[in-house]
Amino acid sequence: MAKTPDPPGTATNSPPSEGEVVLEARAISKHFAVRRTLRNFADRNRPVVHAVDDVSLKLRRGSVTAVVGESGSGKSTIARLLAQLYPTSGGQLLLHGKPTKVGQGRAFRAYCRQVQLIFQDPFGSLNPTHTVRYHLTRALRIHNRAGRTAKDLEQALAQLLERVHLTPPERYLDSFPHELSGGQRQRVAIARAMAADPSVLLADEPVSMLDVSIRLGILNLLRDLKERLNLAILYITHDIASARYFADETLVMYAGRMVEGGDSETVTQRPAHPYTQLLTSSAPDPDRIVADHSAATTVDPAGGEVVVEEEESETAGEPPSLISPPSGCRFHPRCPKAMERCRTQVPPRFDLADGQWAACWLYAEDAPERPAPQEASA
Amino acid sequence: MSSTPPVLEISGLNVNYGLGEKAVHAVRDINLTLHRGEVLGLAGESGSGKSTLAYAVTRLLSPPGVITGGEVRYHPRQGTDIDILSLDSEQLRAFRWSEISLVFQGAMNSLNPVHTVRSQLTDVLKAHRPDMTSAQRQKRAASLLSLVGISADRLASYPHQLSGGMRQRVMIAMALALDPEIVILDEPTTALDVVMQRQILKQLSRLRRELDFSVVFITHDISLLIEFSDRIAIMYGGRIVEEAAAKEIYQTAHHPYSHGLLHSFPALHGPRRELTGIPGSPPDLTAMPPGCAFHPRCPKAFEPCDQRVPALEPVPGDGSRTVACWLHADH
């Protein structure tokens, strides 16, 4: 793509139809070998960490897909797999419908031109010894977008900075990263990703290191870019409320597997999988608190019952080890609704209404009582 | 809540980093009262001075931090008031942890990796309760662990054998070891997942009810504060800009910054709104704007804002809450 140099911002290809799948993952998985120790040195089957197992997702043009999960659920691994920073252990990646597997060098570079990654930490992802001009020029040159003359380059740089709302560009071009605030740095990192004029942007927790008052500014910028440039965005986050705000589609991960997916509004308002229900009920929500604050204080300090309830949830409160994940559904040791089948068989995706799906035996055709997700969330 | 007697009174506290003209004013003119049995939330972004305030109150500031003025008074249940800022190092040793204890930011990493949980918990008791026998210390350590919901056989574990949530609970157990009157929590759950965060905070509120201590809860997550604290003070650029009951702040935030902060968190329920956050970025403490520190970002800034600093004063018509904003000044 984009073999001829043209200034970024002018979309040369005709805008494709809304919702075209740009990047697709089919049942990808990633296992990391555990470090060699004396004990397993000669062992042929060294233990592996099942970081990601059997994950399928589609990134569409002009749409944001959120992946929500706790730390250690494998959500960042997905971003790195999609960026092909490391090879998959299984499954297939398709870019514009064609299977791709790039190692290093030319093929990888061509892939990068279309799929760009933004990292969580803008303090670490920019080189402190180089100016903004250097960072952006380098990206433009690598992707053959710097133009022929110095004037072309200057224009391309200005356009990039304007696109991320760092105006006037002259004020920022010759600054070093330490002279910028966290939000401005993240904007530079986004501009650098945009220098390749990609069709897919993978954002790995792009706002969680930033001050709370400027997070929304960055999310709104990404949304604006998505709309103007028809980008496909993958938004990795641990904050399910921000997924509801920002993403069109939300996928929920638990211990390396996708457990639920669908339209963001549906998933957050009518969660079907017990894990998603746990997640939404744990998220801080002032509305609910203000509503039941008075109720909670009128109840006498009935310590006994509360303690029992809390201690029960404490023993079950931790995600499993991914070296030897639980058999069957990985959530079953913590699940309040676990059945016999959950312990032995991995649940497939069961489709629910409105494009929502859940990998949970509760929604199997032959389940004894198949709850509607609305009921389940109550 | 304000009906209970005060346990900690901070008045006119100023903290600088560095000396002379280049000094950075991290905390300025803080007046704050913590009442007995209360959870006081301290909200603010990074650089707002909230952690510096906690360190100053416990005299834990390390150079170049200097307390340049003000007073911090501690009111014990019995006996005379203690002026924390005038304690000498010996008195301070006896005072800290038995009256005020801290759970630090990133507490999960403040456990010593080469000592067992048992030796770290008994170490506190050994230093502060020298008359306890070894058996008594063991018993106390075990009961502390069960207090935070960890079984006593975990005493022999090393920190790396525990999960993040369990390590955080060990830190809380350690903070409660000497039955302090005040526990300061500095971003206690920032590194944890929401499910674990809720469990730990629920447990803390239960312990607070049972053991009757007061809590200063410092975090940037204001939606969490609204849920778990009684009163909230919001800091910006080293000053408190608004203080009110948690519910009141949520329902009617008076200061434009509080309002902006509340609208920086997308809601999980209710109507989906377009949110903007706050334009601009937090102030650089080395180059503070004149007047109200928030005026360059404030949508409602007007004539006096860029010249005179507004004082933290009671809101006209509602004496229980204070705000530092010219919009609400009486004159």
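What you see is a predicted model, and the numbers here were worked out from it, not measured in a lab.

### Side note on the overall build of chain B
No. 1: A count of helical and extended segments in chain B gives nine helices and twelve strands.
No. 2: A buried classification covers 53% of the 331 residues belonging to chain B.
No. 3: Of the contacts made within chain B by residues no fewer than 6 positions apart, 66% connect residues no fewer than 24 positions apart.
No. 4: Taken as a whole, chain B presents about 14,200 Å² of accessible surface, with 52% of it coming from carbon and sulfur.

### A few points about the overall build of chain A
No. 1: Broken down by element type, chain A carries 14 helices and twelve strands.
No. 2: Split into buried and exposed, the 378 residues of chain A put 52% on the buried side.
No. 3: In chain A, the proportion of contacts linking residues at least 24 apart, taken out of those at least 6 apart, comes to 66%.
No. 4: Of the roughly 17,200 Å² of accessible surface on chain A, 52% is carried by carbon and sulfur atoms.

### What about the sheet that holds strand 2 (residues 24-35) of chain B?
Hydrogen bonds along the backbone pair up the strands of a sheet, which may run parallel or antiparallel.
Residues and elements named next belong to chain B.
No. 1: Pairing within the open sheet is antiparallel, and its four strands lie in the order 2-1-4-5. Of all strands in the sheet, those bounded by a partner on one side alone are strand 2 and strand 5 (82-83).
No. 2: The sheet contact formed by strand 1 (residues 6-17) and strand 4 (residues 65-74) spans eight bridges and is antiparallel. Paired with Glu9 across the bridge in strand 4 is Arg73.

### Points about the pairing of strand 2 of chain B
Residue and element names in this part refer to chain B.
No. 1: Alignment of strand 1 against strand 2, held across eight bridges, turns out to be antiparallel. Across the sheet, the residue bridging to Ile10 is Leu32, located in strand 2.
No. 2: Between strand 1 and the antiparallel strand that follows it, strand 2, lie six residues; Gly18 among them carries a positive phi value of about 90°.

### Re the packing of helix 3 (residues 117-128) of chain B against helix 5 (residues 164-175) of chain B
Residue and element names in this part refer to chain B.
No. 1: With their axes 10 Å apart at the nearest point, helix 3 and helix 5 run at an angle of 20° to one another. When the interaxial angle is binned, helix 3 and helix 5 end up roughly parallel. Helix-helix and strand crossings are classified by hand; for helix 3 and helix 5 the assignment is right-handed. Facing helix 3, whose interface residues are Val117, Gln120, Leu121 and Val124, helix 5 presents Val170, Ala173 and Met174.
No. 2: Partitioned by chemical class, the residues of the contact of helix 3 with helix 5 number six nonpolar, one polar and no charged.

### Side note on the environment of Leu111(B)
Residue and element names in this part refer to chain B.
No. 1: Examined against the element boundaries, Leu111 turns out to sit in the loop between strand 6 (100-103) and helix 3.
No. 2: Residue class for Leu111 comes out buried when judged on its relative accessible area of 7%.
No. 3: For the pair Leu111 and Tyr158, spaced 47 residues apart in sequence, the C-alpha separation works out to 9.2 Å.
No. 4: Excluding its chain neighbours within four sequence positions, the residues that come into contact with Leu111 are Gln120, Pro159, Arg167, Val170, Met171 and Met174.

### A short note on the confidence of the model for chain A
All names here are of chain A.
No. 1: Residues with a pLDDT of 70 or more make up 83% of chain A, whose mean pLDDT is 83.
No. 2: pLDDT under 50 marks residues 1-17. Its contacts with residues more than four places away, or in other chains, come to 20 contacts.
No. 3: Counting contacts from residues 293-315, a segment whose pLDDT is below 50, to residues more than four positions away or on other chains yields 16 contacts.

### Looking at the side chain of Arg215(A)
No. 1: Residue placement: Arg215(A) occurs in helix 7 (residues 212-229).
No. 2: No salt bridge is formed by the buried Arg215(A); the nearest opposite charge belongs to Asp239(A), separated by 5.6 Å.
No. 3: Separated by 3.1 Å, the side chain of Arg215(A) and the backbone oxygen of Leu210(A) make a polar contact.
No. 4: Every residue in contact with Arg215(A), bar those within four places of it in the chain, is listed here: Val207(A), Ser208(A), Leu210(A) and His220(B).

### Comments concerning the interface of chain A and chain B
No. 1: Facing 45 residues of chain A, the contacting portion of chain B comprises 50 residues.
No. 2: Approximately 4,200 Å² of surface area, both sides summed, lies buried where chain A meets chain B, with 53% of it carried by carbon and sulfur atoms.
No. 3: On inspection of chain A and its partner chain B, the count reaches one salt bridge.
No. 4: Note that Glu274(B) is salt-bridged to Arg223(A), the shortest N-O span being 3.2 Å.
No. 5: Across the chain A-chain B interface, the total number found is 14 residue pairs in polar contact (both at pLDDT 80 or more).
No. 6: Looking at the side of chain A that touches chain B, the elements that each hand over two or more residues are helix 7, helix 8 (240-246), helix 9 (264-269), helix 10 (274-282), helix 11 (286-298) and helix 12 (303-315) of chain A.
No. 7: With eight residues, helix 7 of chain A is the single largest residue contributor to the side of chain A that touches chain B.
No. 8: Each residue belonging to the side of chain A that touches chain B can be placed in one class, and the counts come to 17 nonpolar, 14 polar and 14 charged.

Definitions and cut-offs
Residues numbered from 1 in each chain as written. Chains lettered and ligands numbered in written order. Predicted model: local features only at pLDDT ≥ 70, side-chain atom pairs only at ≥ 80, totals over all residues. Heavy atoms only, no water. Helix = DSSP H or I, 4+ residues; strand = E, 2+ residues; numbered from the N terminus. Buried < 20%, exposed > 50% of the residue type's maximum accessible area, 1.4 Å probe, protein only. Contact = heavy atoms within 4.5 Å. Areas by Shrake-Rupley, 256 points an atom, 1.4 Å probe, with all protein chains shown as cover. Pairing = 2+ DSSP bridges. Axes fitted to C-alpha atoms, helices over the stretch in contact; angles between N-to-C directions. Parallel < 35°, antiparallel > 145°, perpendicular 65-115°, else oblique. Left-handed = near helix turned anticlockwise from the far one by under 90°. Nonpolar A, V, L, I, M, F, W, Y, C, P; charged D, E, K, R; others polar. pLDDT = per-residue confidence, 0-100. Lys, Arg positive; Asp, Glu negative; His and termini not counted. Salt bridge = Lys/Arg side-chain N within 4 Å of Asp/Glu carboxyl O. Polar contact = N/O pair within 3.5 Å; in protein donor to acceptor, adjacent residues only side chain to side chain. Buried area = accessible area lost by both parts, 1.4 Å probe.

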